[in-house]
Amino acid sequence: VTSVSNVDLDLDGGWPVPTEASRALNERARRVIPGGVSGYGRLDRPYPLYMTRAEGAYIEDVDGNRYVDFNCALGTVLLGHNDPRLRETIDETLPAHGVSLATAHPVEVEFAERLTRIVPSAERVTFALLGTEMTYHALRLARSYTGRRQVVKFEGNYHGWHDYLFWSVRFDPADAGPPTDPIPIPASNGMRPAADSEVLVCGFNDTAHLEELFARRGGEISAVIVEPIFHNAGVVMPAPGFLEACRELCTRHGALLVFDEIVTGFRQALGGAQAIFGITPDLTTLGKGIANGFPLSVLAGRADVMDTLAEPGGAYVSGTYNGHLLMVAIGDRCCRILEEDPPYDRLAELGGTLRRGIEEAIAETGVTASVSQFGSVWGLYFTRRPITSYRDIARFATGRIAAMQLAYRRFMLSRGFYFQPHNVIRAYMSAAHTPEHVREAVAATREFFELHADDLRDEL
Ligand SMILES: Cc1ncc(COP(=O)(O)O)c(C=O)c1O
């Protein structure tokens, strides 16, 4: 039993719902898959739950427990799981075209034209599968186009796992210097040393430090890359003027501004966060919500920059699965569905109802917590302090807050809600989520607050 404040986490007893089949699978899996999971981010305590199917807003584990899914496949599922319209697209595409041609094909032309109409920065687009690939290509393209080496990224922002950008994602601020002079911290062992990384880090929303970086090294900076809404930390909004400053500094110093809209693209608006905030980056990466769980990613941007991809000696982008026919067909269909029947107002209303409900529960139970929400994404933080950057939540990954977050996830599981393991409580909803799901989630959260009112009286 792990004890934190008065929160006892009976991890040896498993999860608070019957999960014997998950436990047994994990024992088998650990013998053949490192940790028993496909990737570090899926590790969980006491063991991961093995999910077996998902439909609409629900996800079901191998023990037959059905949960309202607040993970939505890490934010990718926006229409709801297993959408019949996308199954229809698969049924139409396979007989007409096959699966993957690794050639030019008409479907990518159709979708590219649609995207250039919808996404403000998209004068040209190119397709791959992973988000990680596209942030990699964006930076290589920026270096190639500008002839400069340095890249600015913001602490805590996640842009995939490659060595260009897997810096200062999760770290202990004690190791990372003061916010006025932050040191890049590699997020994985095996990465090249910081001295060779050519990455400059800055606090999210820290316009003053960004200005200072440009004043000192503006001539070396090829690109600034940013999650325009910091969803890797739940929901941390850009402070007024922050994205504008990113835009202005890049323009003034001849660097490219890259919006990583892999989460925000399509999930928060069809045109992405750039359409919401009215700021047009030079390059944009899209993924996740663009194909409702199917692997598809997009690099979009200014014609003069993107067209260099087709020039001999330009940055190289290619691969067996680039422009994958079936994925592009699904992305195009997904986009048409979202154009014809936009879920955004309804999702914003659902999200708003949930946020107000939890705010009320916090006020009435007096617990040390806050909730943040934008559209279909929300985050719950066991603190009253404002959260504007990664350093405000760095301590959540370990110690008492981590234990309280795990206690919350366990409690919510017992009430029928699934959250992903993450360093903060972050939740995604889809168009299949209903006001009833939200009402029940608020009621369960209130119950948790009441149960832990004493533990949550002060800052953890
Ligand atoms: C903002 C952002 N960028 C990039 C990525 C990497 O995308 P992928 O996991 O598809 O490689 C992620 C994944 O979570 C992300 O959230």
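Given the structure is predicted, the values throughout are model-derived calculations rather than measurements.

K.L.:
Describe the overall build of the protein, and please don't skip the residues or the numbers.
P.N.:
Helix and strand content of the protein: 13 helices and 16 strands. For the protein, the spread of C-alpha atoms along the three principal axes comes to 60 × 55 × 45 Å. Relative to its 460 residues, the protein shows a buried fraction of 56%. Pairs at least 24 residues apart make up 73% of the contacts formed inside the protein by residues separated by at least 6 positions. Accessible surface, the protein as shown: approximately 18,600 Å² in total, 51% of it carbon and sulfur. The distance from the centre of the 44 positive side-chain charges to the centre of the 58 negative ones in the protein is 2 Å.

K.L.:
Let's hear about the confidence of the model for the protein: which residues, and what values?
P.N.:
With 98% of its residues at a pLDDT of 70 or more, the protein has an overall mean of 96. The least confident element of the protein, judged by mean pLDDT, is strand 1 (residues 2–4) at 52; the most confident is strand 10 (residues 256–261) at 99.

K.L.:
Pulling in residues and values, what's your account of the site of the ligand?
P.N.:
As a structural note, the neighbourhood of the ligand is formed by Leu130, Gly131, Thr132, Tyr158, His159, Gly160, Glu227, Asp260, Ile262, Val263 and Lys288. One nitrogen or oxygen atom from the side chain of threonine 132 is found 2.5 Å from an oxygen atom belonging to the ligand. Contacts to the ligand include aspartate 260, whose side-chain N or O atom sits 2.6 Å from a nitrogen atom. Its free accessible area being 390 Å², the ligand has 82% of it covered by the protein chains. Here the residues of the shell around the ligand are counted per class, giving four nonpolar, four polar and three charged.

K.L.:
Would you mind going over the sheet that holds strand 14 (residues 377–381) in detail, with residue names and values included?
P.N.:
Sheet architecture is open: three strands sit in the order 13-14-16, paired in antiparallel fashion. Two strands bound the open sheet, and with one partner strand each, they are strand 13 (370–374) and strand 16 (425–428). Neighbour to neighbour, the strand axes of the sheet diverge by 15 degrees on average, direction disregarded. Note that strand 13 and strand 14 share five bridges and pair antiparallel. For valine 371, the partnering residue across the bridge sits in strand 14 and is leucine 380.

K.L.:
Pulling in residues and values, what's your account of the packing of helix 12 (residues 399–414) against helix 13 (residues 435–451)?
P.N.:
Remark: helix 12 packs on helix 13, axes separated minimally by 10 Å, with the N-to-C direction vectors making an angle of 130 degrees. Between helix 12 and helix 13, the crossing angle belongs to the class labelled oblique. For the crossing formed where helix 12 meets helix 13, the hand is right-handed. Each of Met404, Ala407, Tyr408, Phe411 and Met412 in helix 12 lies in contact with helix 13, whose residues at this interface are Ala441, Ala444, Thr445, Glu447, Phe448 and Leu451. Of the residues belonging to the contact of helix 12 with helix 13, the class tally is nine nonpolar, one polar and one charged.

K.L.:
Describe the pairing of strand 4 (residues 58–61), and please don't skip the residues or the numbers.
P.N.:
Covered by surrounding structure in strand 4 are Ile59 and Asp61 only, the residues Tyr58 and Glu60 on the alternate face being uncovered. Linking strand 3 (residues 51–55) to strand 4, which pair antiparallel, is a turn of two residues; within it glycine 56 sits at a positive phi near 60 degrees. As paired elements, strand 4 and strand 5 (residues 66–69) share three bridges and run antiparallel to each other. Looking at the pairing, glutamate 60 lines up with arginine 66 of strand 5. Taking the residues that link successive antiparallel strands as the turn, the strand 4-strand 5 hairpin has four residues, and the phi of glycine 64 there is positive, at about 90 degrees.

K.L.:
Outline the nonpolar core, supporting the account with residue identities and numerical values.
P.N.:
Counting 110 residues, the largest nonpolar core has Trp378, Leu380, Phe382 and Phe449 as the members making the most contacts within it. If you look at the next biggest cluster of nonpolar residues, it comprises 18 residues, including Leu139, Leu141, Leu299 and Val305.

K.L.:
Quick rundown of the environment of leucine 129? Include the residues and the values.
P.N.:
The residue leucine 129 is located in the loop between strand 6 (124–128) and helix 5 (131–146) in this model. Residues leucine 129 and alanine 275, 146 residues apart in the sequence, show an inter-C-alpha distance of 23 Å. When sequence neighbours within four positions are dropped, the list of residues in contact with leucine 129 reads Pro295, Leu296, Ser297, Tyr321, His324 and Met327.

K.L.:
I'd love a proper account of the sheet that holds strand 10, names of residues and values included.
P.N.:
Strand order across the open sheet formed by seven strands is 6-12-11-10-9-7-8, with mixed pairing between neighbours. Looking at strand neighbours, the two that pair on one side only are strand 6 and strand 8 (199–202), the edges of this open sheet. Across the sheet, the mean angle separating the axes of adjacent strands is 20 degrees when strand polarity is ignored. Examined bridge by bridge, strand 11 (residues 283–286) and strand 12 (residues 297–301) share four bridges and lie antiparallel to one another. Among the inter-strand pairings, leucine 286 is bridged to a residue of strand 12, identified as valine 298. Of the strands in this sheet, strand 6 and strand 12 touch helix 4 (residues 106–118), which is tilted by about 130 degrees from strand 6.

K.L.:
An account of the packing of helix 11 (residues 344–365) against helix 13 is requested, with residue identities and associated values reported.
P.N.:
One way to put it is that helix 11 packs onto helix 13 with a least axis distance of 9 Å and a crossing angle of 20 degrees. Comparing their axes, helix 13 and helix 11 come out roughly parallel. Judged by the sense of rotation from one axis to the other, the crossing of helix 11 with helix 13 is right-handed. Residues Leu350, Thr353, Leu354, Gly357, Ile358, Glu360, Ala361, Ile362, Glu364 and Thr365 of helix 11 pack against Pro435, Val438, Ala441, Val442, Thr445, Arg446, Phe449 and Glu450 of helix 13. A breakdown of the residues in the contact of helix 11 with helix 13 according to their chemical character gives ten nonpolar, four polar and four charged.

K.L.:
Account for the packing of aromatic side chains, with residues named and values stated.
P.N.:
As enumerated under the stated definition, the model contains 19 aromatic pairs in all. Seen from their ring centres, tyrosine 67 and tyrosine 418 are 6.3 Å apart, and the 40 degrees between their planes marks the pair as tilted. Of this pair, tyrosine 67 sits in strand 5 while tyrosine 418 sits in strand 15 (residues 417–418), placing them 351 residues apart in sequence. Looking at tyrosine 67, the relative accessible area reads 1%, which means it is buried. For tyrosine 418, a relative accessible area of 12% gives the class buried. Between tyrosine 136 and tyrosine 164 the ring centres are 4.7 Å apart and the planes differ by 20 degrees, which places this aromatic pair in the stacked class. Here tyrosine 136, found in helix 5, pairs with tyrosine 164, found in the loop between strand 7 (150–154) and strand 8; they are 28 residues apart in sequence, far enough to count as distant. Aromatic rings pair up to connect Phe70, Trp378, Phe382, Tyr408, Phe411, Phe417, Phe419 and Phe448 into one cluster.

So, how was this worked out
- Residues numbered from 1 in each chain as written.
- Predicted model: local features only at pLDDT ≥ 70, side-chain atom pairs only at ≥ 80, totals over all residues.
- Heavy atoms only, no water.
- Helix = DSSP H or I, 4+ residues; strand = E, 2+ residues; numbered from the N terminus.
- Buried < 20%, exposed > 50% of the residue type's maximum accessible area, 1.4 Å probe, protein only.
- Contact = heavy atoms within 4.5 Å.
- Areas by Shrake-Rupley, 256 points an atom, 1.4 Å probe, with all protein chains shown as cover.
- Lys, Arg positive; Asp, Glu negative; His and termini not counted.
- Charge placed at Lys NZ, Arg CZ, Asp CG, Glu CD.
- pLDDT = per-residue confidence, 0-100.
- Near = heavy atom within 4 Å.
- Polar contact = N/O pair within 3.5 Å; in protein donor to acceptor, adjacent residues only side chain to side chain.
- Nonpolar A, V, L, I, M, F, W, Y, C, P; charged D, E, K, R; others polar.
- Pairing = 2+ DSSP bridges.
- Axes fitted to C-alpha atoms, helices over the stretch in contact; angles between N-to-C directions.
- Parallel < 35°, antiparallel > 145°, perpendicular 65-115°, else oblique.
- Left-handed = near helix turned anticlockwise from the far one by under 90°.
- Core = buried A, V, L, I, M, F, W, Y, C linked by side-chain atoms within 4.5 Å.
- Phe/Tyr/Trp six-rings, centres within 6.5 Å; stacked < 30°, edge-to-face > 60°.

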